[in-house]
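# Descriptive analysis of the structure
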Amino acid sequence: MAVSERTVFVTGATGLVGARLCEKLVAGGDRVLAHRRRPPPAARVPGLTWFGGDLCSPGEWESALAESDAVVHLAGASIVAGRWTPARKRELRASRIATTRGLVEAMARCSSPPSVFVCASASGYYGARGAEALEEDSGPGGDFLAQLCVDWEAAALAAQQAGARVVRLRFGAILSRRSGVLASVLPLYRLGLGGAMGSPASYFPWLHEDDATGLIAFALAGGAGEESVLNAAAPQCVTMGEWARTLGRILKRPALFRVPEVALRLAFGEMGEALVAGQRVVPKAALSGGYDFAYPELEAALRALIR
Ligand SMILES: NC(=O)c1ccc[n+]([C@@H]2O[C@H](COP(=O)([O-])OP(=O)(O)OC[C@H]3O[C@@H](n4cnc5c(N)ncnc54)[C@H](OP(=O)(O)O)[C@@H]3O)[C@@H](O)[C@H]2O)c1
């Protein structure tokens with residue numbers, strides 16, 4: 001095990017990415033101070049300590065933050081858990097933007113603030129862009145999700161005023177067997193009911209879960225240099241049609257069903273539109289910074305997850 005003096009404060013540590021990240025950091029020798037909203041579990045894992053509380057209010061989590069060298073902010077209400085009613089939209093925004101502001105304000109109050117702030121964002125930043133190749137300097141879209149990401153990233157960037165190096169990771173859909181898009185569609189594909197959601201020509205930015213944690217570790221270690229934004233999507237950005245055919249081929253099942261855009265809009269409202277908004281994301285900064293993707297191509301990523 002590598003020996004590290006680093007202490008990392010992780011929010012959203014119970015989530016898909018956070019739980020894997022905490023394991024990876026502890027295995028690499030880091031001390032991890034993990035945050036969750038509910039009271040922390042009594043069980044102690046060597047190298048991992050839990051803190052509870054609301055990130056928008058003072059609490060014991062602030063003393064953990066003050067001991068940390070780096071912060072990884074992954075907390076946020078699920079984007080796909082239900083229709084985007086006005087109340088739900090407020091929760092989606094507050095759970096990301098207000099918590100980011102709470103963390104950044106607490107960092108500014110530390111006598112020796114954490115020197116790195118890594119914050120999640122999403123490829124939804126770009127909105128619906130068809131086949132346009134989207135690098136980190138491409139401009140934002142204009143829909144609800146894009147505006148949420150713009151405000152979330154701006155809140156994160158304010159940590160520079162506390163002296164921190166800030167990296168914002170625009171994640172594509174993270175593929176895992178435990179939750180997320182792959183876990184949701186696998187049962188349908190196994191029944192032969194799989195197929196493209198929306199237009200088969202829409203681009204679908206995706207990322208294997210190992211590369212989600214790998215890119216966070218890369219950002220923490222300064223691999224991105226002064227680059228403040230990383231597109232966190234695999235180099236092979238496929239279309240919805242390619243995604244469906246690849247998954248069907250691996251499972252040896254037909255993947256001919258198609259959920260039309262209009263059905264998604266009817267079923268899920270504005271969230272349905274966001275689900276079918278294609279983005280052809282190019283992870284330019286990660287590649288030029290030397291990040292070596294464990295799973296650059298979809299077929300190998302899916303085979304590794306499904307085997
Ligand atoms: N997974 C993806 O495909 C994907 C794609 C693009 C962007 N992202 C972003 O990357 C981050 C990590 O993703 P993930 O998949 O690991 O997320 P996740 O599994 O949904 O976990 C997020 C964590 O946020 C906390 N949370 C939930 N509701 C909250 C609320 N209302 N207020 C504050 N905290 C709340 C929860 O922790 P506690 O309840 O234990 O505190 C939860 O474990 C998220 O911000 C997500 O939006 C993910």
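Cut-offs applied
Residues numbered from 1 in each chain as written. Predicted model: local features only at pLDDT ≥ 70, side-chain atom pairs only at ≥ 80, totals over all residues. Heavy atoms only, no water. Helix = DSSP H or I, 4+ residues; strand = E, 2+ residues; numbered from the N terminus. Rg over C-alpha atoms; globule rule 2.2 N^0.38 Å. Buried < 20%, exposed > 50% of the residue type's maximum accessible area, 1.4 Å probe, protein only. Contact = heavy atoms within 4.5 Å. Areas by Shrake-Rupley, 256 points an atom, 1.4 Å probe, with all protein chains shown as cover. Lys, Arg positive; Asp, Glu negative; His and termini not counted. Charge placed at Lys NZ, Arg CZ, Asp CG, Glu CD. Near = heavy atom within 4 Å. Polar contact = N/O pair within 3.5 Å; in protein donor to acceptor, adjacent residues only side chain to side chain. Nonpolar A, V, L, I, M, F, W, Y, C, P; charged D, E, K, R; others polar.

### Focus on the overall build of the protein
Across its full length, the protein holds 11 helices and 15 strands. Over its C-alpha trace the protein gives a radius of gyration of 19 Å, about what one expects of a compact globule, namely 19 Å for 307 residues. Expressed along its principal axes, the backbone C-alpha trace of the protein runs to roughly 60 × 45 × 40 Å. Relative to its 307 residues, the protein shows a buried fraction of 52%. Pairs at least 24 residues apart make up 75% of the contacts formed inside the protein by residues separated by at least 6 positions. Looking at the protein as shown, the accessible area adds up to about 13,400 Å², and 55% of this sits on carbon and sulfur atoms. Positive and negative charge centroids in the protein, built from 33 and 29 side chains respectively, lie 8 Å apart.

### Describing the site of the ligand
Close to the ligand lie 23 residues; Thr14, Leu16, Val17, Arg37 and Arg96 are nearest. Measuring from an oxygen atom of the ligand, one finds a backbone N or O atom of Gly76 at 3.0 Å. Between the ligand and the protein, one listed contact pairs a nitrogen atom with a side-chain N or O atom of Glu91 at 3.1 Å. Contact with the protein chains removes 81% of the 880 Å² of surface that the ligand exposes when unbound. Going through the elements one at a time, α1 (16–27), α3 (86–109), β5 (116–122) and β8 (173–175) are the ones with two or more residues in the shell around the ligand. Residue composition of the shell around the ligand, by class: 11 nonpolar, seven polar and five charged.

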